[in-house]
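Coordinate inspection notes
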Amino acid sequence: MHLKSEYQNKLVLAEEAVQVIESGDWIDYGFGLTGPYELDKALARRKDELFNVNIRNTLGLWPHFSIDSDPTGEHFTLNTWHFSSAAREFYSKGLAYYIPMKFNELPMLTRNDCIPARVFMASVSPMDNHGFFSFGVGAAGNMASIENAEYVILEVNENIPRVLGGNQENIHISQVNFVVEGPNPELLTLPATEPSETDKKIAQNIIHKLYDGCCIQLGIGGIPSAVGNLVAQSDLKDLGVHTEMYVDAYIKMTKAGKITGLRKSIDKYKQVFSFALGSQELYEFIDDNPGVAAYSVDYTNNPYIISQIDDFVSINACIEVDLFGQVSSETVGTRHISGTGGQVDFVEGAYRSKNGQSFICMPSTYKTSNQVTSRIKPILAHGTVVTGTRSATHMIVTEYGIANMKGKSTWERAEALINISHPSFRDELIKEASAMKIWRKSNKIK
Ligand SMILES: CC(=O)SCCNC(=O)CCNC(=O)[C@H](O)C(C)(C)COP(=O)(O)OP(=O)(O)OC[C@H]1O[C@@H](n2cnc3c(N)ncnc32)[C@H](O)[C@@H]1OP(=O)(O)O
Ligand SMILES: CCCC(=O)O
């Protein structure tokens, strides 16, 4: 059948498309910015007829019309692979639950372990001349979801860029049951992150560890942004990009001529990622850009793939670290903040790369309006989930320096970590370390 006729035959209103959903169903939503908008709104309107519908999403970057419509949680339940601030809010009301994952395993978990979603709904770019719709802003695990789904429903959004691949970054009209033309809502944009003075100091500590030809992975937030600024102003050259999340810092570095990918041992010359989130400039930059490639996350985040890239540098953030070198990046006590995401994948992959380095960063203290606490703690708070086990942790960075945990005994770790803690907490940390039998009399504080 001609592609355009096939498209027209499958084109329905959102109200009609969501009629296939039944009580008791599991529905997978497209990853991140490929989550549905108009379809979720139409689902919310069916609330009173549906019970116990489980929605699985990641990051939740669109409004949650269905969850908002049901304060009782009898009709719709949100299950999410990574919390956004909206999910934190729903979680506190008992309407959302976290699904633990290592991000590289998302497609595998979807294919092999999860209750299969009967319905998959996603936002995509308009169909191209070959019958493909792009999920390049959120390739991650979408194709794994559709392989198990009985119904695949796409919502076309003209604002979604067409991103080239890679693998599993698009879907063909022949794999789709229904197409909906939505109101083309604008994509969420992240405000430009202005790095704090502390972020800049942390970035300064890392920049000295970078050299020509490194391949960089950056997470979200002020520190990666500060690293991007410093790289853009540096003499570094021929850097590569292999990351799960494409962020604005890469554009700055690219425009400054620092990124060529010339020395990448795989995917030479390409900037590789699995999803994108940032400014409007970013969405325009990745649109039809042959210099970037979107991949399924079981490729980008696979520690074995990462390890094949020499001189890999991974830079991510955490919430707290204890004196054993255990890293917490997802909860504070039992209060759920975000998720494991790809942090563990990159820590493991980068360490196995030839000359690879992984940096987990945090300011030395956490400040609220009436309290300053050390983020380096003798032990993690009761209920805090460990994201990076002590045996996996490589380098921890604060504004006071870098502490390498690899190959270090417990007393050496305590010494290295206290040396990068805030000076006003060091005496207390030494006292606690002594009580925990991980401090020797010969230990030194700089
Ligand atoms: C998306 C990516 O990062 S891709 C890279 C790989 N993936 C990962 O590293 C996943 C795990 N890491 C993460 O999720 C993030 O990097 C984080 C959460 C560790 C840090 O992200 P940031 O955006 O810098 O976090 P931010 O400082 O805004 O804190 C998030 C929340 O935790 C709270 N928080 C942070 N640190 C603390 C602390 N030490 N004590 C108590 N609360 C804290 C903040 O108050 C905030 O809560 P609120 O939104 O209710 O105000
Ligand atoms: C799940 C995607 C986000 C992250 O890795 O932090």
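How each quantity is defined
Residues numbered from 1 in each chain as written. Chains lettered and ligands numbered in written order. Predicted model: local features only at pLDDT ≥ 70, side-chain atom pairs only at ≥ 80, totals over all residues. Heavy atoms only, no water. UniProt positions renumbered as here; feature names shortened; annotations may be inferred. Helix = DSSP H or I, 4+ residues; strand = E, 2+ residues; numbered from the N terminus. Contact = heavy atoms within 4.5 Å. Salt bridge = Lys/Arg side-chain N within 4 Å of Asp/Glu carboxyl O. Buried < 20%, exposed > 50% of the residue type's maximum accessible area, 1.4 Å probe, protein only. 1 Å grid on protein atoms, 1.4 Å probe; cavity = no way out; pocket = protein on both sides within 12 Å on 5 of 7 lines; lining within 4 Å. Points joined across faces, edges and corners; volume = space filled by probe spheres on them. Nonpolar A, V, L, I, M, F, W, Y, C, P; charged D, E, K, R; others polar. Phe/Tyr/Trp six-rings, centres within 6.5 Å; stacked < 30°, edge-to-face > 60°. Lys NZ or Arg CZ within 6 Å of the ring centre and 35° of its normal. Near = heavy atom within 4 Å. Polar contact = N/O pair within 3.5 Å; in protein donor to acceptor, adjacent residues only side chain to side chain. Areas by Shrake-Rupley, 256 points an atom, 1.4 Å probe, with all protein chains shown as cover. Domains from an automatic or database assignment. Buried area = accessible area lost by both parts, 1.4 Å probe. Pairing = 2+ DSSP bridges.

Section: the UniProt feature "active site" (unreviewed entry) in the protein
UniProt feature "active site" (unreviewed entry): in the numbering of this structure it lies at Glu244. Its place among the elements puts Glu244 in the loop between β11 (240-241) and β12 (245-246). Setting aside anything within four residues of it in sequence, one finds Glu244 in contact with Phe103, Gln217, Phe273, Ser274, Phe275, Thr300, Asn301, Gly342 and Phe346.

Section: the pattern of salt bridges
The full count for this structure, using the stated rule, is 18 salt bridges. Between Arg45 and Glu15 there is a salt bridge, with the nearest N and O atoms lying 2.2 Å from each other. With a gap of 30 residues between them, Arg45 in helix α3 (residues 38-45) and Glu15 in helix α2 (residues 14-17) connect regions that are remote in the sequence. Owing to a relative accessible area of 48%, Arg45 belongs among the partly exposed residues under this scheme.

Some points on the layout of surface pockets
One water molecule sets the probe size; rolling that probe over the atoms shows where empty space is left. Put simply, the second largest pocket is a space of about 150 Å³. What lines the second largest pocket is simply His2, Leu3, Lys4, Tyr7, Gln8, Met127, Asp128 and Asn129. In the lining of the second largest pocket, the residues fall into 3 nonpolar, 3 polar and 2 charged.

Focus on the environment of Phe324
Take Phe324: it is sitting in the loop between β17 (320-322) and β18 (327-328). Among the residues examined, Phe324 registers a relative accessible area of 22% and is labelled partly exposed. Setting aside its immediate chain neighbours within four residues, Phe324 contacts Ile379, Arg390, Thr410, Arg413, Met436 and Ile438.

Examining the packing of aromatic side chains
A complete count under the given rule lists 15 aromatic pairs for this structure. Look at Tyr7 and Phe133: their rings are 6.2 Å apart centre to centre, the planes differ by 20°, and that puts the pair in the stacked class. Remark: Phe133 occurs in strand β6 (residues 132-134) and Tyr7 occurs in helix α1 (residues 3-10); sequence separation between them is 126 residues. Here the two residues Tyr7 and Phe133 agree in accessibility, since each one is buried. On the basis of an interplanar angle of 25° and a centroid distance of 5.1 Å, the ring pair of Tyr246 and Tyr250 is categorised as stacked. Residue Tyr246 is classed as buried on the basis of its relative accessible area of 0%. Members of the aromatic cluster, connected to one another through ring pairs, are Tyr246, Tyr250, Phe273 and Phe285. The cationic tip of Lys406 hangs over the ring face of Tyr351; the distance from NZ or CZ to the ring centre is 4.0 Å. Its end group placed over the ring of Tyr400, Arg426 keeps NZ or CZ at 5.5 Å from the ring centre.

Some words on the UniProt feature "domain: Acetyl-CoA hydrolase/transferase N-terminal" (unreviewed entry) in the protein
The sites that UniProt annotates as "domain: Acetyl-CoA hydrolase/transferase N-terminal" (unreviewed entry) are residues 5-183. Summarising residues 5-183: 25% helix, 22% strand, and an end-to-end C-alpha distance of 22 Å.

A word on the site of ligand 1
Around ligand 1 sit 23 residues, and of these Arg88, Arg335, Ser338, Gln343 and Tyr366 come closest. Here an oxygen atom of ligand 1 and a backbone polar atom of Ile220 are 3.4 Å apart. Calculation on ligand 1 without its partners gives an accessible area of 990 Å², and the protein chains cover 72% of this total. The residue inventory of the shell around ligand 1, partitioned by class, reads 8 nonpolar, 10 polar and 5 charged.

Regarding unusual backbone geometry
With omega at 5°, the peptide bond leading from Gly165 into Gly166 counts as cis. Within the secondary structure, Gly166 sits in the loop between β7 (151-156) and β8 (170-172). At Asn52, a residue that is not glycine, the phi angle is positive and equals roughly 55°. By the element assignment, Asn52 lies in the loop between α3 and β2 (53-57). On the accessibility criterion, Asn52 (45% relative accessible area) is partly exposed. A positive phi angle, close to 55°, is found at Asn184, a residue other than glycine. In this structure, Asn184 sits in the loop between β9 (178-181) and α8 (197-207). Its relative accessible area of 24% is what places Asn184 among the partly exposed residues.

Observations concerning the domain arrangement of the protein
A common way to report how large an interface is uses the accessible area buried once the components associate. Examined at the domain level, the protein breaks down into domain 1 (6-181) and domain 2 (197-435). Its C-alpha centre places domain 1 at a distance of 29 Å from the equivalent point of domain 2. Taken together, the contact pairs 30 residues of domain 1 with 35 residues of domain 2. Here domain 1 meets domain 2 over a buried area of about 2600 Å², counting both sides, of which 59% is carbon and sulfur. A per-residue breakdown of the area domain 1 buries against domain 2 is headed by Phe103, Asn104 and Leu164, which together make up 22% of the total. At the boundary of domain 1 and domain 2, one finds 2 salt bridges. Here Asp288 ties to Arg162 by a salt bridge, and the two come within 2.5 Å at their closest N and O atoms. Contributing elements (two or more residues each) for the side of domain 1 that touches domain 2: α5 (85-92) and α6 (106-112).

Things to note about the sheet that holds β17
Through backbone hydrogen bonds, the strands of a sheet pair up, either in parallel or in antiparallel fashion. Read across the open sheet, the 3 strands follow the order β18-β17-β24; overall the sheet is mixed. The sheet is open, and its two edges are formed by β18 and β24 (376-377), each paired on a single side. Two strands pair when backbone bridges link them, and β17 and β18 are joined in this way by 2 bridges, in the antiparallel orientation. Residue Glu320 lies in a different strand from β18, and its bridge partner there is Ser328.

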